[in-house]
Amino acid sequence: MKNYLVYIIILATGLFFGWLFFGSSSNESTVHNHDKHEKTDQMWTCAMHPQIMLPESGDCPVCGMDLIPVDTENSGLLANQFKLTENAMALANIQTSIVGHNETESNTIKLSGKIVENEEANTVQVSYFSGRIERLNINFTGDQVRKGQLLATIYSPELFAAQQELITAASLKTSQPALYKAVRNKLKLWKLSDRQINTIETSGQVKENIPVYATVSGTVSEKLVEQGDYVKQGQPLLKVANLNTVWANFDAYEKQITGLKEGQPISITTNANPNATINAKISFIDPVLNTKTRTVIVRAVLDNTALQFKPGMFIEGSISGDINMNKKQLLSIPSTAILWTGKRSVVYLKTDLNAPVFEMREVTLGNKIGDHYVIVDGLNTGDEIVTHGTFTVDAAAQLQGKKSMMSTKNSKTKEHHAVDVSNAMTKNETSLKFQEQLKKVLDEYILLKDALVKDDADIAKKASIAMIKNIEAINVKLLIDISNQNQWIQIEDQIKRATHAIINAPDIKEQRNHFIGLSIGLTNAIQTFGISQKVYSQFCPMANNNKGASWLSLDKEIRNPYFGNNMLTCGSIQQTIE
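Residues numbered from 1 in each chain as written. Predicted model: local features only at pLDDT ≥ 70, side-chain atom pairs only at ≥ 80, totals over all residues. Heavy atoms only, no water.

Peer 1: Could you clarify how one ought to interpret the overall build of the chain in this entry?
Peer 2: Helices and strands together make up the secondary structure of the chain, namely 11 helices and 27 strands. Per-residue burial for the chain yields a buried fraction of 43% across its 578 residues. (Helix = DSSP H or I, 4+ residues; strand = E, 2+ residues; numbered from the N terminus. Buried < 20%, exposed > 50% of the residue type's maximum accessible area, 1.4 Å probe, protein only.)

Here you go:
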C-alpha cells in the first residue's frame, strides 16, 4: 500500500513538472507564431519595377534584383500625396496660409503689358506704278525717313511710254488741248509732281528711272522689298511708323473690367527704367474679350517725342483709388506660393488639417495684383497652400518620387519621363548677366560631381567651398521682376544649406546624401531662370536608399556620383535642359 502511495506521488510530481515545462513552451510557441504573423504584413517591392508587390523578401521576378521593403511612412495616402516630418517643417521654416478672397493692397490694381506702335500714325509707302527697283535707299528697319526724302528709283516701261506720250502731246497742246491735259493727268495719277512733269516736257527727254519720295516722316518698321525686285502698281514697299506717340497696351482680367473706364488715371513704369513713373489716362478698352486668355486690351497713349519708349518694351500699370471691383469674386494667392515650370504654374496644397501632408496642384493664373496673382482655376476658397518654403516642399516630393514641378502632365510617379523645359521662362525674361553668374555656380557643381564620381571627398569639399562663394556673388537685383527675386531667394537658401552640409560632412557617404538636395535645388534654378548651355539631368533608381536620385551633367555619358566606381554607369538621362 505504501509502495502504491509512493508511485502515485511520483506520478503526480512528474505530471506537474511536465505541465510546467511543456505547457510553458507551448505558450511561448504561440507567442512566437503571433509575432511571425505580424511580420507578414510587411510588403516588398523592386526599386526598378515598383509595380511588383510581394509579401516576402527575395528576388524581383522581372529583373532579378533584391527586393526592398515598402516604405510604410506614407501608408494611407493617395498616390501623389506625401508627408513631411514636423522636424523638417520647422528646419525649413515651411509656412502655409488659407486661400481667401484677398482685397488688393491700398485698393490698387496692377496690369502688365507692353509698348506697341500707334497704329493711327502708321503709314505704308507703296509703288504707284509697276516696274523694277533699280535702287533702294532704305537698307534696314529702324532707319529714319523724312517727308520728301528719296526712297527708291524704279524703272517702269509703262511710265517710260507715258513720258513719250507727254512729249508728243506737248507739241499738240494748242490744237488738241484735251489730249495734252489727259496725258498730264495720267502722269499725276502715278504721283509725278507738276515740277517733274514740266521738267520732262521742257527738256524733251524721257527719264528711265523714276524717283519715289516719302509721303510722311517716321521710322521704318518693316522693309517689304529688296533692291532688284519687280513690283506691281499699289504694292507696299515700306511700313513707316511715327513714334512720336506710342500705345501702352495692357491685359486686364475679365473680373477687373467693371473697375476700369476710359479717362481713368494710370501710372506706368518700364523695366528699362523702373524708378521713373509716367502718368497717363486710359484711352481705350477693347469691347471684345480674348476667349483664350480671358483678358481685354486696355490702352493708354503716351507722348514719345524723346523716343524713350521702344515698341516691344515690357511695362507695368497701376490704377489707384476706387477701382469699383467685385472683390468677392477675386481669388488670389501670394507670388511666393507659385512655382513656374514651362507653361505650367504649380502650388503645393496641404491636404490634411492636422498633419503635414502635401500634394502638388496645377493652377491657372490671371493678372498680377501687387504681390499676388489672381487664380483663374485650380484652387478654391478655404484651401491651405504653402506660401514659404515652396521649393523645399517640391524637393521633398522629388525625393519621395511623387508628382512635382519636374513631372510632365501625363507622367506617372517614379517613371521619370523626359521633360521639355526649353520654354521654362515664359513669365519673365531673365537677365543674361544673372545667367552668367548662375553658370559659374554650375561649373563648381560639375567639379563637385566629378569628385564624388572619383570617390575624392577632399576635392568635393573644396569645390563646395568655391560654390558657396559663387552663390553669394549672385546679384538678385539682376532679376527685375519681384516674383523672380522671391523664387531665387528660396532656391538659393536650399542650395546653400545643402552645400554647407557637404562641406561639414564627415565622410563621402554623407556628402553624397546632401548632394541629392543640392542637385534638386540647382536643377530648379536652371529650369526657372535658364542658362546659356545644354545640361543633362541624369537619374539613378538605386540611389537614395532605392528611392532614386538625380544629378546634373554637361555630358550624355553616365558617370554616377552616388556610387562612384562601384556602379559607375548606373543611370539614364532623365531630361535635357536647354
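Peer 1: Please clarify how the sheet that holds strand E25 (residues 535–540) should be interpreted in this entry.
Peer 2: Within a sheet, adjacent strands bond to each other through the backbone by hydrogen bonds, running parallel or antiparallel. An order of E26-E25-E27 is seen for the 3 strands of this open sheet, with the pairing classed as antiparallel. Edge positions in the sheet fall to strand E26 (549–553) and strand E27 (572–577), since each has one partner strand and no second. Pairs of neighbouring strands in the sheet enclose a mean axial angle of 30°, with direction left out of account. One ladder, built from 5 bridges, connects E25 with E26; its direction is antiparallel. Note on E26: the bridge partner recorded for Phe 539 is Ser 550. (Pairing = 2+ DSSP bridges. Axes fitted to C-alpha atoms, helices over the stretch in contact; angles between N-to-C directions.)

Peer 1: Is there a simple way to think about the pattern of salt bridges in this case?
Peer 2: Two side chains that carry opposite charge are able to pair once their charged atoms sit near each other. Inspection of every chain in the model, using the stated rule, returns 10 salt bridges. A salt bridge links Lys 449 to Asp 450, with the shortest nitrogen-to-oxygen separation between them at 3.0 Å. Judged by its relative accessible area of 28%, Asp 450 falls in the partly exposed class. Between Glu 557 and Arg 559 there is a salt bridge, and its shortest N-O distance comes to 2.6 Å. A relative accessible area of 49% means that Glu 557 is categorised as partly exposed. (Salt bridge = Lys/Arg side-chain N within 4 Å of Asp/Glu carboxyl O.)

Peer 1: Please explain helix H10 (residues 508–529) as it appears in this structure.
Peer 2: Side chains of residues three or four places apart in an α-helix project in the same direction, reflecting 3.6 residues per turn. Spanning 22 residues, H10 covers 30 Å between terminal C-alpha atoms, matching the ideal 32 Å at 1.5 Å per step. Most pronounced at Phe 515, the bend in H10 amounts to some 25°. Within H10, 18 of the 22 residues are buried, leaving the element largely enclosed by the surrounding structure. The N-cap of H10, judged by a side-chain oxygen 3.2 Å from the amide nitrogen of Lys 509 a few residues on, is Asp 507. Of the residues one or two after H10, Gly 530 is the one with positive phi, at around 80°. (Expected span 1.5 Å × (residues − 1). Bend = angle between axes of the 7 residues up to and from the residue. Polar contact = N/O pair within 3.5 Å; in protein donor to acceptor, adjacent residues only side chain to side chain.)

Peer 1: Could you clarify how one ought to interpret the sheet that holds strand E12 (residues 230–231) in this entry?
Peer 2: Here we have 4 strands laid out as an open sheet, ordered E10-E9-E7-E12, and antiparallel in their pairing. Where the open sheet ends on each side, the last strands, each with one partner, are strand E10 (209–213) and E12. Where strand E9 (residues 150–155) meets E10, 5 bridges bridge the pair, whose relative direction is antiparallel. Residue pairing across strands places Tyr 155 opposite Asn 209, the latter belonging to E10.

Peer 1: Teacher, can you tell me more about helix H7 (residues 432–453) here?
Peer 2: The end-to-end C-alpha distance of H7, which contains 22 residues, comes to 31 Å, matching closely the 32 Å that a straight helix rising 1.5 Å per residue would cover. A positive backbone phi angle near 60° is found at Asp 455, which sits one or two residues after H7.

Peer 1: For this particular structure, what's the right way to read the packing of helix H4 (residues 177–189) against helix H5 (residues 194–203)?
Peer 2: When two helices pack together, their arrangement is given by the angle between the helix axes and the distance between those axes. Close contact between H4 and H5 brings their axes to 10 Å; oriented N to C, the two are set at 130°. When the axis of H4 is compared with that of H5, the two are oblique. Handedness of the H4/H5 crossing: right-handed. In this structure, H4 contributes Tyr 180, Arg 184, Leu 187 and Lys 188 to the contact, and H5 contributes Asp 194, Ile 197, Asn 198 and Glu 201. Among the residues forming the contact of H4 with H5, the class breakdown is 3 nonpolar, 1 polar and 4 charged. (Parallel < 35°, antiparallel > 145°, perpendicular 65-115°, else oblique. Left-handed = near helix turned anticlockwise from the far one by under 90°. Contact = heavy atoms within 4.5 Å. Nonpolar A, V, L, I, M, F, W, Y, C, P; charged D, E, K, R; others polar.)

Peer 1: So what exactly am I meant to see when it comes to the pairing of strand E18 (residues 314–319) here?
Peer 2: Every other side chain in a regular strand lies on the same face of the sheet, so the side chains alternate between the two faces. Summarising the sheet, strand E5 (residues 109–117) and E18 pair through 6 bridges and their orientation is antiparallel. The residue of E18 that forms the bridge with Gly 113 is Ile 315. Pairing geometry for strand E15 (residues 265–270) and E18, over 4 bridges, is antiparallel. Paired with Ser 267 across the strands is Ser 318, a residue of E18.

Peer 1: Teacher, can you tell me more about the environment of Asp 377 here?
Peer 2: Relative to the assigned elements, Asp 377 resides in strand E23 (residues 372–377). Each C-alpha atom of the pair Asp 377 and Thr 364 lies 5.0 Å from the other, and the pair is 13 residues apart in sequence. If sequence neighbours within four positions are ignored, Asp 377 has contacts with Glu 362, Val 363 and Thr 364.

Peer 1: What am I meant to see in the side chain of Glu 384 here?
Peer 2: Mapped onto the elements, Glu 384 comes out in strand E24 (residues 384–388). A distance of 2.6 Å separates polar atoms of two side chains, one belonging to Glu 384 and the other to Thr 96. In this view, Glu 384 contacts Thr 96, Ser 97, Ile 98, Tyr 348, Leu 349, Lys 350 and Leu 353; residues no more than four positions away in its chain are not counted.

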